[in-house]
Amino acid sequence: MAFIPQTAGAMLRSVKCLLPHKHKGKNSIEDDFELSTVCHRPEGLDKLQEQTKFTKKELQVLYRGFKNECPSGVVNEETFKHIYSQFFPQGDSSTYAHFLFEAFDTNKNGSVSFEDFVAGLSIILRGSINDRLNWAFNLYDLNKDGCITKEEMMDIMKSIYDMMGKYTYPCMQDDAPRDHVENFFQKMDRNKDGVVTIEEFIESCQKDENIMQSMQLFDNVI
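Residues numbered from 1 in each chain as written. Predicted model: local features only at pLDDT ≥ 70, side-chain atom pairs only at ≥ 80, totals over all residues. Heavy atoms only, no water.

K.L.:
Teacher, can you tell me more about the overall build of the protein here?
P.N.:
Counting its regular elements, the protein contains twelve helices and four strands. The buried share among the 222 residues of the protein stands at 48%. Sequence separation of at least 24 residues holds for 68% of the intrachain contacts in the protein that already meet a minimum separation of 6. Surface summary for the protein: the accessible area is close to 11200 Å², and the carbon and sulfur share equals 49%. (Helix = DSSP H or I, 4+ residues; strand = E, 2+ residues; numbered from the N terminus. Buried < 20%, exposed > 50% of the residue type's maximum accessible area, 1.4 Å probe, protein only. Contact = heavy atoms within 4.5 Å. Areas by Shrake-Rupley, 256 points an atom, 1.4 Å probe, with all protein chains shown as cover.)

K.L.:
What is the right way to read the pattern of salt bridges from this model?
P.N.:
Pairing between side chains of opposite charge can happen when the charged atoms of each approach one another. In total, this model carries six salt bridges according to the counting rule given. As a salt-bridge pair, E77 and K81 come within 3.3 Å of each other at their nearest N and O atoms. Of the two residues, E77 and K81 are both situated in helix α5 (residues 77-87); the distance of four residues between them amounts to about one turn of the helix. For K81, a relative accessible area of 22% puts it in the partly exposed group. Here the salt bridges do not stand alone but share partners, grouping R190, E203 and K207 into one network. (Salt bridge = Lys/Arg side-chain N within 4 Å of Asp/Glu carboxyl O.)

K.L.:
Please explain the packing of aromatic side chains as it appears in this structure.
P.N.:
Both the distance between ring centres and the angle between the ring planes are used here to describe each pair of aromatic rings. Counted by the stated rule, this structure contains 13 aromatic pairs. With a centroid separation of 6.1 Å and an interplanar angle of 10 degrees, the aromatic rings of Y84 and F88 are classed as stacked. Like F88, Y84 is buried. The ring of F185 is capped by K150, whose NZ or CZ atom sits 5.8 Å from the centre of that ring. (Phe/Tyr/Trp six-rings, centres within 6.5 Å; stacked < 30°, edge-to-face > 60°. Lys NZ or Arg CZ within 6 Å of the ring centre and 35° of its normal.)

K.L.:
What should I look at first to understand helix α10 (residues 176-188) in this one?
P.N.:
Each α-helix winds once per 3.6 residues, and so residues spaced three or four apart point in a common direction. Here α10 contains 13 residues, and its C-alpha end-to-end distance of 18 Å stays within 8% of the 18 Å for a straight helix at 1.5 Å per residue. Buried residues of α10: A176, P177, H180, V181, F184, F185 and M188, and no others. (Expected span 1.5 Å × (residues − 1).)

K.L.:
Would you explain the packing of α10 against helix α11 (residues 198-206) in this entry?
P.N.:
Two quantities define a packed helix pair, namely the angle between the helix axes and the distance between the axes. Across the interface, α10 lies against α11 with an axial gap of 9 Å and an inter-helix angle of 90 degrees. Classified by the angle between their axes, α10 and α11 sit roughly perpendicular to one another. On the side of α10, the interface is formed by F184, K187 and M188, while α11 contributes E200, F201, S204 and C205. Across the contact of α10 with α11, the residue classes tally to four nonpolar, one polar and two charged. (Axes fitted to C-alpha atoms, helices over the stretch in contact; angles between N-to-C directions. Parallel < 35°, antiparallel > 145°, perpendicular 65-115°, else oblique. Nonpolar A, V, L, I, M, F, W, Y, C, P; charged D, E, K, R; others polar.)

Note that every value here comes from positions in space, so none of it alone points to a role or purpose.
In structure tokens form, the structure reads like this:
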């Protein structure tokens, strides 16, 4: 099943662009001072460490990178899209960035805080296979009605091809996204009712060796 590994690779690249790229040698006292000077002060690192699978040091590094891109302590969708556009200049990342922003914005208030960011990142990078698959399903289930339709998968696939750019796939046919969607539903829509439920999604993914290998792409990213 080519579809899931391909989206996993795209998601991995897109997640990496949200991570800090330079590690400055600051001590924890300076980190704590930084946490107190932003407009939106995140929860204490100790509490975030309990809520996520990151160490305190990893959270400090992640926070410095987050604050560098978002000095106010929160990021809105337009800023999120701008960050992505810098890392995918060869394509149009705006639609995929919108879908990913929706997945991180769990409170549906139009902004992603550092807490929102590390909660999602913890699942993607450190969660169990089931946790990661549930997160991916939520990303693909655009209207959050508990099932994935062909139209939703088509929107996701087109956004990924748009983001990666035409030059990434020089021999790609225009109908390639639709072919991937059809293949996805052939494998995952077990009862052939035209939608994929979370149960069908997780069961199908767990039985596919390529998908399980693609999940390992997220191990040891940070």
